[in-house]
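Now for the letters of each chain:
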There are 2 protein chains.
Amino acid sequence: MSDPITSQRNPRIMYARGLARASVRRAEGRTLVEGPHALEAASGAGAEIVEVFALEDDPIPEALGLGDVTVRVNRHVLEAVATTGTPRSPIAIVTMQAPSSLEGRDTLVLYEVGDPGNAGTLLRTASAFGMQVATTPNTVDMWSPKVLRSAAGTHWTTAIVPLREPIEELRAAGLLLVASVVAGGLGPDEAFDGGRPVALLVGSEPHGLSASVAEACDRALTLGMSGDVESLNVAIAGSIAIYELGQRR
Amino acid sequence: MSDPITSQRNPRIMYARGLARASVRRAEGRTLVEGPHALEAASGAGAEIVEVFALEDDPIPEALGLGDVTVRVNRHVLEAVATTGTPRSPIAIVTMQAPSSLEGRDTLVLYEVGDPGNAGTLLRTASAFGMQVATTPNTVDMWSPKVLRSAAGTHWTTAIVPLREPIEELRAAGLLLVASVVAGGLGPDEAFDGGRPVALLVGSEPHGLSASVAEACDRALTLGMSGDVESLNVAIAGSIAIYELGQRR
């Protein structure tokens, strides 16, 4: 084994650190995957692992069959590459999944969802119920480290489709557009009636989808609640809507 | 208006800073509420606002009728009191709700839930569906700043019951004990059948409730999924279970 990298200015380390920025990720087609569980999920799903940075005593790279693409680093350098304060070894450069195209499949649409934790959690729930995910131009970068963490490995098994003209593209794909709104919509039985593949649109906190987006959809869905209807977290409200659709498939 | 406090060593500031610690919160019966939305929620729900720290140009204290208990501080001092990196004025010392006792009401039981974001989100969902919340000895302190943030003001409108001997106390309250588990349980129709008030027990990531806790319950609930059953975030899985119970009330 060669000597570990001990300088933050090493060119390979500088390159990895650049991937903390969305513009660099887009240009390079690569992102950072941090910690053993996240790396195992990516590797297990067949993602292309470009390079792995690991502490000298970390057995994970060999255990995952990634010894050939692994370089050893000291903790100082690991912390420089990481986007969290107390990183766990290893951290890897991984090729992002190519953007998919919409087909006639049930699709969760993250409409201008800016919070990375909510976006990742919703991706995770969509994956659990067999849905793909689409995003609008103002949605958070789905390949950012925070979204990757919240999604717990589901990036590698679920299609993510970036939309430029959301409503037009969803219609062109033949989907039934259902807006999730806090009040005034149909219940799940009516909103999802008919068997067509659904595009389920969810907005962000605190106000949800704008009225104009909701009006551009075919139907609106409102979840029945016994308490305060406005008080659900957006990831919770969206996940319950996904669950209700999933029960009808 | 008197001069603003400009020293982090001012005794009132030192006292407020102490409330970042759970042991001090318990001893004092008070916690910190940070930012205009959180303070408005606490104030609007009738919580006792002990003292408010606000920047000199912040109109919120007067708008909420809290001018009499407000002291002005500079940004340096506001940041010292805050538990987040970029705090918004005002920050207040607020009397925590007294612990309630269990009655025969639907109760979400956070069983050794250590993550403050999940605990707060689950409290928020329980509140939306009219349930109270109970905690076990190893659950995160529900009055910590992170839990308060995630719960978005629902601490002040929802009973929170700390349990010492969870199973015994829930039984003594006459509740039907339903364990939320990832596999092998009943569907919601059967798990919640009978109309008795339910104690819905949820565990923490990554493994959920222990087998011994699940076996000590009357029934187990498993949510049907078309995708990967283990991949739901604990706050999502718990929230869907709450929703399913709510639909039957």
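**Focus: the domain arrangement of chain A**
All names here are of chain A. Each assigned domain of chain A is listed with its residue range as follows: domain 1 (11–95) and domain 2 (107–246). Each of domain 1 and domain 2 has a C-alpha centre, and these two points are 30 Å apart. Between domain 1 and domain 2, the residue contacts involve 13 residues of the former and 8 residues of the latter. Contributing elements (two or more residues each) for the side of domain 1 that touches domain 2: α2 (22–28), β1 (30–34) and α3 (36–44).

**Things to note about the interface of chain B and chain A**
Counting from both sides, the interface comprises 24 residues of chain B and, opposite them, 24 residues of chain A. Those elements giving two or more residues to the side of chain B that touches chain A turn out to be α6 (116–128) and α11 (234–246) of chain B.

**Notes on the environment of B:K146**
Residues and elements named next belong to chain B. Position of K146 relative to the elements: it lies in helix α7 (residues 145–151). Judged by local crowding, K146 falls into the partly exposed class, with 16 C-beta atoms found within 10 Å. On a C-alpha basis, the gap between K146 and F192 in space is 32 Å, while along the polypeptide they are 46 residues apart. Every residue in contact with K146, bar those within four places of it in the chain, is listed here: P116, G117 and G120.

**Remarks on the sheet that holds strand β1 (residues 30–34) of chain B**
Residue and element names in this part refer to chain B. The sheet built from 4 strands is open, its strands ordered β1-β4-β2-β3 with mixed pairing. Each edge of the open sheet carries a strand with a single partner, namely β1 and β3 (70–73). Each strand of the sheet is rotated relative to its neighbour by a mean of 20°, with strand direction disregarded. The pairing of strand β2 (residues 49–55) with β3 spans 4 bridges and is classified as parallel. Of the residues in β3, the one forming a bridge with F53 is V71. This element, helix α3 (residues 36–44), spans β1, β2 and β4 (91–95) of the sheet and lies at about 130° to β1.

**Focus: the pairing of β1(B)**
Residue and element names in this part refer to chain B. With 5 of 5 residues buried, β1 is to be regarded as a mostly interior element. Burial of β1 is two-sided: the residues R30, L32 and E34 facing one way and the residues T31 and V33 facing the other way are all buried. Pairing between β1 and β4: 5 bridges, direction antiparallel. Looking at β4, one finds that E34 is bridged to I91.

**Let's talk about the environment of A:V109**
Residues and elements named next belong to chain A. Along the chain, V109 turns up in strand β5 (residues 107–110). Note on V109: 33 C-beta atoms within 10 Å, which makes it buried. Sequence-wise, V109 and G195 are 86 residues apart; in three dimensions their C-alpha atoms are separated by 18 Å. Setting aside anything within four residues of it in sequence, one finds V109 in contact with A134, P166, L170, A199, L200 and L201.

**Digging into the relation of the copies chain B and chain A**
The transformation that overlays chain B on chain A combines an axial shift of 0.0 Å with a rotation of 180°, and the residual RMSD is 0.0 Å. Put plainly, the chains are arranged around a two-fold axis. The overlap is high: 100% of the interface residues of chain B also sit at the interface in chain A, so the same surface is used on both sides.

**Some points on α11(B)**
Across its 13 residues, α11(B) extends 18 Å between first and last C-alpha, which sits within 8% of the 18 Å expected from 1.5 Å per residue. For α11(B), the tally of buried residues reaches 13 of 13 residues, placing the bulk of the element in the interior.

**A closer look at the sheet that holds strand β6 (residues 132–135) of chain A**
All names here are of chain A. Taking strand neighbours across the sheet as the criterion, the 6 strands line up as β7-β6-β5-β9-β8-β10 in an open arrangement whose pairing is parallel. Where the open sheet ends on each side, the last strands, each with one partner, are β7 (160–162) and β10 (219–221). Each adjacent strand pair in this sheet contributes to an overall mean axis angle of 25°, direction not counted. Sheet analysis places strand β8 (residues 176–180) next to strand β9 (residues 198–202), joined by 4 bridges and oriented parallel. Opposite V178, over in β9, you have L200 as the bridge partner. Set on the sheet, helix α6 (residues 116–128) makes contact with β5, β6 and β9; between it and β5 the angle comes to about 175°. On the sheet, helix α11 (residues 234–246) packs against β5, β8, β9 and β10 and is oriented at approximately 165° with respect to β9.

Calculation rules
Position numbers for residues count from 1 along each chain, tracking the sequence in the order it is written. Labels follow written order: the first chain is A, the first ligand is 1, and so on. In keeping with the predicted nature of the model, local features appear solely for residues at pLDDT of at least 70, side-chain atom pairs appear and are counted solely at 80 or more, and the whole-chain, interface and lining totals rest on all residues. In this entry, domain limits derive from an automatic or database-based domain assignment. Working definition of a contact: two residues with C-beta atoms, positioned from the backbone, lying within 7 Å. Where helices and strands are cited, they refer to DSSP runs of H or I of at least four residues and of E of at least two residues respectively, numbered from the N terminus. Burial in this document is a count-based property: other C-beta atoms within 10 Å of a residue's C-beta are tallied, and the residue is buried at 20 or more, exposed at 12 or fewer, or partly exposed in between, with C-beta positions derived from the backbone. In short, DSSP must find at least two bridges between two strands for them to pair. Axes here mean lines fitted to C-alpha atoms, for a helix over just the part in contact, with angles spanning 0 to 180 degrees between N-to-C directions. Copy-to-copy alignment: least squares on C-alpha atoms, limited to residues at pLDDT 70 or above in both. Helix span is expected to be 1.5 Å times the residue number reduced by one.

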